[in-house]
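This is what each chain is made of:
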Amino acid sequence: AKDEDLEKALEAALEAGYRHIDTATVYENEHVIGKVLDKWLKAGKVKREELFIVTKLPPSGNRPSNVESFIKQSLEKLKLDYLDLYLVHTPFSFVEGDDLHPRDENGTFKFDHSTDHVAVWKELEKQVDNGRTKAIGLSNFNPKQISRILKAARIPPANLQVEMHVYHQQKELVAFCKENNITMVAYSPLGTQGTSKLLG
């Protein structure tokens, strides 16, 4: 969405009572959300403790050395002192660099295959310790990947965000998360573009 369209949509959402705002570095809209939130907070139209703000570590920053710099960038763009929830956006990593969506000359994503989930998680725990986020979690992870983190975690994942809707119910993953006290948030809860063909 264009910045001005997102700004109008967020204003309307806040007016309607929305208080849970989900974003991510790769959405490239944190600066717009920050502008609107700052306006509302300074005007006293909403209190910070009434908001639940979520953003995510991007695949291009999915390594221990990048966690702190990316969460600080997100906080600066969102004009906030802390997040309510910070997620690892994907279990895979892209190569490090300035491009959030790095591709080769053929248009293929450039992956970094040295991802260390546990080492990244340890850095997320430090962000809780430092007050930059109240909770930490995961997005798009499967039970095997989550289990690896659970075994080593001092602060267990609070939340898992995944695609989930009537045509993609993820029942085994839901059961796994319930067993491990991990809350879930569905994205694309009304389906995706591919789902529309199923719905006619």
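Rules of the game
- Residues numbered from 1 in each chain as written.
- Predicted model: local features only at pLDDT ≥ 70, side-chain atom pairs only at ≥ 80, totals over all residues.
- Heavy atoms only, no water.
- 1 Å grid on protein atoms, 1.4 Å probe; cavity = no way out; pocket = protein on both sides within 12 Å on 5 of 7 lines; lining within 4 Å.
- Points joined across faces, edges and corners; volume = space filled by probe spheres on them.
- Nonpolar A, V, L, I, M, F, W, Y, C, P; charged D, E, K, R; others polar.
- Axes fitted to C-alpha atoms, helices over the stretch in contact; angles between N-to-C directions.
- Helix = DSSP H or I, 4+ residues; strand = E, 2+ residues; numbered from the N terminus.
- Parallel < 35°, antiparallel > 145°, perpendicular 65-115°, else oblique.
- Contact = heavy atoms within 4.5 Å.

As annotated in an unreviewed UniProt entry, the protein carries the name Alcohol dehydrogenase [NADP(+)] and is attributed to Diaphorina citri.

Draft legend 1. Empty space enclosed by the protein, seen in detail. The tally for this structure, following the rule as stated, stands at one cavity of 30 Å³ or more. By volume, the largest cavity amounts to about 30 Å³. For the largest cavity, the full set of lining residues is Asn-62, Val-88, His-117, Val-120, Trp-121, Phe-141 and Ile-149. A class-by-class count of the residues in the lining of the largest cavity yields five nonpolar, two polar and no charged.

Draft legend 2. Summary view of the packing of helix 2 (residues 30–42) against helix 3 (residues 67–78). One way to put it is that helix 2 packs onto helix 3 with a least axis distance of 6 Å and a crossing angle of 45°. Between helix 2 and helix 3, the angle falls in the class oblique. In this structure, helix 2 contributes Glu-30, His-31, Ile-33 and Gly-34 to the contact, and helix 3 contributes Ser-74, Lys-77 and Leu-78. For the contact of helix 2 with helix 3, a count of residues per class yields two nonpolar, three polar and two charged.

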